[in-house]
Amino acid sequence: MTEWCDFQARTRLIHGPGSLERLGDLAREYGFRRTLVVSDPGVVAAGHWDKAVEALRAVGVVIGGFHEFGENPDAAMAERGR
């Protein structure tokens, strides 16, 4: 007989005007020191990735970034991210 698990994650969703600028404060609240920011090329082109990274670096978080994939990522794209 195989054991099974029922897990429900607690999710916090923050949205609205200025929410991206709060990212640094939220990272500090959660104790982030390093983080990987994963995004798609469209978000990067729109400038949102730069704003997120700026907010995180402003509070001393060391950033790793990955955005080299396209829509509907395949195994090869996931492997590049790994």
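Residues numbered from 1 in each chain as written. Predicted model: local features only at pLDDT ≥ 70, side-chain atom pairs only at ≥ 80, totals over all residues. Heavy atoms only, no water.

**With respect to the environment of Ala-75**
Logical step 1: Checked against the element boundaries, Ala-75 lands in helix 4 (residues 75-81).
Logical step 2: On the accessibility criterion, Ala-75 (66% relative accessible area) is exposed.
Logical step 3: The spatial distance from the C-alpha of Ala-75 to the C-alpha of Asp-6 is 27 Å, given a sequence separation of 69 residues. (Helix = DSSP H or I, 4+ residues; strand = E, 2+ residues; numbered from the N terminus. Buried < 20%, exposed > 50% of the residue type's maximum accessible area, 1.4 Å probe, protein only.)

**Regarding the confidence of the model for the chain**
Logical step 1: Per-residue pLDDT for the chain averages 89, and the proportion of residues at 70 or more is 99%.
Logical step 2: The secondary structure element of the chain with the lowest average pLDDT is helix 4, at 85, and the one with the highest is helix 3 (residues 48-58), at 95. (pLDDT = per-residue confidence, 0-100.)

**Focus: the layout of surface pockets**
Logical step 1: Within this model, the largest pocket holds a volume of roughly 430 Å³.
Logical step 2: Taken together, 20 residues line the largest pocket, and the ones lying closest to its centre are Ser-19, Leu-20, Leu-23, Leu-26 and Phe-32.
Logical step 3: Here the lining of the largest pocket is built from residues that sort into 15 nonpolar, four polar and one charged. (1 Å grid on protein atoms, 1.4 Å probe; cavity = no way out; pocket = protein on both sides within 12 Å on 5 of 7 lines; lining within 4 Å. Points joined across faces, edges and corners; volume = space filled by probe spheres on them. Nonpolar A, V, L, I, M, F, W, Y, C, P; charged D, E, K, R; others polar.)

**Focus on the packing of aromatic side chains**
Logical step 1: The tally for this structure, following the rule as stated, stands at one aromatic pair.
Logical step 2: Ring centres of Phe-66 and Phe-69 lie 5.7 Å apart, and the angle between their planes is 25°; this geometry places the pair in the stacked category. Comparing Phe-66 with Phe-69, the two get one shared label, buried. (Phe/Tyr/Trp six-rings, centres within 6.5 Å; stacked < 30°, edge-to-face > 60°.)

**Some details on the pattern of salt bridges**
Logical step 1: Under the definition given, this model contains two salt bridges.
Logical step 2: Between Glu-29 and Arg-12 there is a salt bridge; the shortest N-O distance is 2.8 Å. Pair noted here: Glu-29 is in helix 1 (residues 23-29) and Arg-12 is in the segment before helix 1, with a separation of 17 residues, a long-range link.
Logical step 3: We note a salt bridge from Asp-25 to Arg-28, for which the minimum N-O separation is 2.8 Å. With Asp-25 and Arg-28 both in helix 1, this residue pair falls three residues apart, about one helical turn.
Logical step 4: When its relative accessible area of 52% is taken as the criterion, Arg-28 is described as exposed. (Salt bridge = Lys/Arg side-chain N within 4 Å of Asp/Glu carboxyl O.)

**Some remarks on the nonpolar core**
Logical step 1: In terms of nonpolar packing, the biggest core is built from seven residues, these being Ala-27, Val-37, Trp-49, Val-53, Leu-56, Val-61 and Ile-63.
Logical step 2: Looking at which element gives the most residues to this core, the answer is helix 3, with three residues.
Logical step 3: Setting aside anything within four residues of it in sequence, one finds Ile-63 in contact with Thr-35, Val-37, Val-53, Leu-56 and Arg-57. (Core = buried A, V, L, I, M, F, W, Y, C linked by side-chain atoms within 4.5 Å. Contact = heavy atoms within 4.5 Å.)

**Here we look at helix 3**
Logical step 1: Regarding helix 3, the residues found buried are Trp-49, Ala-52, Val-53, Ala-55 and Leu-56. One side of helix 3 carries all its buried residues, which in axial view fall inside an arc of 160°. Facing away from the buried side of helix 3 by over 90 degrees, the exposed positions are Glu-54, Arg-57 and Ala-58.
Logical step 2: Check the buried side of helix 3 and you find it contacts helix 1, strand 1 (34-38), helix 2 (41-45) and strand 2 (62-66).
Logical step 3: Gly-60 sits one or two residues past helix 3 and shows a positive phi near 90°. (Arc of directions from axis to C-beta.)

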